[in-house]
Amino acid sequence: MQKGIIGKKIGMTQIFDASGNVIPVTVLEAGPCVVSQKKTVENDGYDAIQVGYGDLKAHHVNKPMKGHFAKGNVAPKRTLREFRLESTDGYNVGDLIKADIFAEGDKVDVTGTSKGKGYAGGIKRWGLHRLKETHGSGPVARHAGSNGSTSSPSRVFKGKKLPGHMGAEQVTVLNLLVAKVDAENNLIAVKGAVPGPNGGIVVIRDSVKA
């Protein structure tokens, strides 16, 4: 059965394995999360659980969401995510999900929102080359060159790499190794980097390609 939990990126550090090798890791605060809704094939057409993370004061919750949380007798949560499962028999509304659902050596996929870079040029955004800086091309060495073609196709193809908004996108990093789990403090250390700034919300799932 696939597992999943919501967490928060704490930051990067390094740990040592049994052989004394340095492992760069990202520390994630995973949970505790509460099951706020349970979906079944009979009622909804598929099996899933809705999970909430992060406490939220009642006066910050709108009326529809207050009714949603009251229906499950669950305290309001700041972040909600849904995890589709093969079966929801092992979960009930109100159950807590903690970091110990994962163990050292597991492979996970981590989804987060990348850092926003604002409006960026083609060189920063896509790694495009500069123009030559001699014999009449300046002062536009970092500008885009010719976009167009000839009379056919007489347009710019969709998907052309151009300046524009960079970052602030959903990014999933696959097959990260769980290097260490601190169940007491709800911390998971995964080998490598995960998207987003420190303090950003992440979703940790069983790897789909492990």
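Refer to the structure above for everything that follows.
Reading the values: rules and limits
- Residues numbered from 1 in each chain as written.
- Predicted model: local features only at pLDDT ≥ 70, side-chain atom pairs only at ≥ 80, totals over all residues.
- Heavy atoms only, no water.
- Helix = DSSP H or I, 4+ residues; strand = E, 2+ residues; numbered from the N terminus.
- Rg over C-alpha atoms; globule rule 2.2 N^0.38 Å.
- Buried < 20%, exposed > 50% of the residue type's maximum accessible area, 1.4 Å probe, protein only.
- Contact = heavy atoms within 4.5 Å.
- Core = buried A, V, L, I, M, F, W, Y, C linked by side-chain atoms within 4.5 Å.
- Pairing = 2+ DSSP bridges.
- Axes fitted to C-alpha atoms, helices over the stretch in contact; angles between N-to-C directions.
- Salt bridge = Lys/Arg side-chain N within 4 Å of Asp/Glu carboxyl O.

> Lay out the overall build of the protein chain in plain terms, naming residues and giving numbers.
When you go through the protein chain residue by residue, the secondary structure sums to 3 helices and 12 strands. Taken over the C-alpha trace, the protein chain has a radius of gyration of 23 Å; the compact-globule value for 210 residues is 17 Å, which it surpasses by more than 25%. Dimensions along the principal axes, computed over C-alpha positions, put the protein chain at roughly 70 × 50 × 35 Å. Across the 210 residues of the protein chain, 33% fall into the buried class. Once local pairs closer than 6 in sequence are excluded, the contacts in the protein chain between residues at least 24 apart make up 72%.

> Could you give me a rundown of the nonpolar core, with the residues and numbers involved?
In terms of nonpolar packing, the biggest core is built from 25 residues, with Ile49, Ile97, Val108, Val110, Val190 and Ile204 touching the most fellow members. When contributions to this core are tallied by element, the ones reaching two or more residues are β1 (4-16), β2 (22-30), β3 (33-39), β4 (48-55), β7 (107-113), β10 (170-182), β11 (187-191) and β12 (201-206). For Val110, the contacting residues outside a window of four places in its chain are Leu28, Val171, Thr172, Val173, Leu176, Val194, Pro195, Val202, Val203 and Ile204. Membership of the second largest hydrophobic core comes to 5 residues, among which are Leu56, Val61, Phe69 and Val74.

> Outline the sheet that holds β7, supporting the account with residue identities and numerical values.
One closed barrel holds the 6 strands; their spatial order is β1-β2-β11-β10-β7-β12, and the pairing between them is antiparallel. Taking the axes of each pair of neighbouring strands and ignoring which way they run, one obtains an average angle of 50 degrees across the sheet. Where β1 lies against β2, 9 bridges are found, and the strand directions are antiparallel. Within the sheet, the bridge partner assigned to Phe16 lies in β2 and is Val22.

> Report on unusual backbone geometry, specifying residues and quantitative values.
Between Ser152 and Pro153 the backbone carries a cis peptide bond, its omega angle lying at 15 degrees. Relative to the assigned elements, Pro153 resides in the loop between α3 (122-126) and β9 (164-166). With a phi close to 55 degrees, Asn73 is a non-glycine residue in the positive phi region. Structurally, Asn73 is set in the loop between α2 (63-71) and β5 (77-84). Given a relative accessible area of 73%, Asn73 falls into the exposed group. Positive phi values are uncommon outside glycine, yet Asn186 reaches one of about 55 degrees. Accessibility expressed as a relative area gives 10% for Asn186, which makes it buried.

> For the pattern of salt bridges, give the residues involved together with the corresponding values.
Charged atoms that come close allow side chains of opposite charge to pair. Applying the stated rule across the entire model yields 4 salt bridges. When the shortest N-O distance is used, the salt bridge between Glu82 and Lys39 registers 3.0 Å. Taken together, the residues span a long stretch of sequence, with Glu82 in strand β5 and Lys39 in strand β3 at a distance of 43 residues. The class of Lys39 is buried, set by a relative accessible area of 16%.

> Describe the environment of Gly118, with residues and values.
You can see Gly118 is positioned in strand β8 (residues 118-120). Judged by its relative accessible area of 27%, Gly118 falls in the partly exposed class. It is 5.4 Å that separates the C-alpha atoms of Gly118 and His165, two residues lying 47 residues apart in sequence. In contact with Gly118, other than residues within four places in its own chain, are Gly164, His165 and Met166.

Structural measurements only, silent on function.
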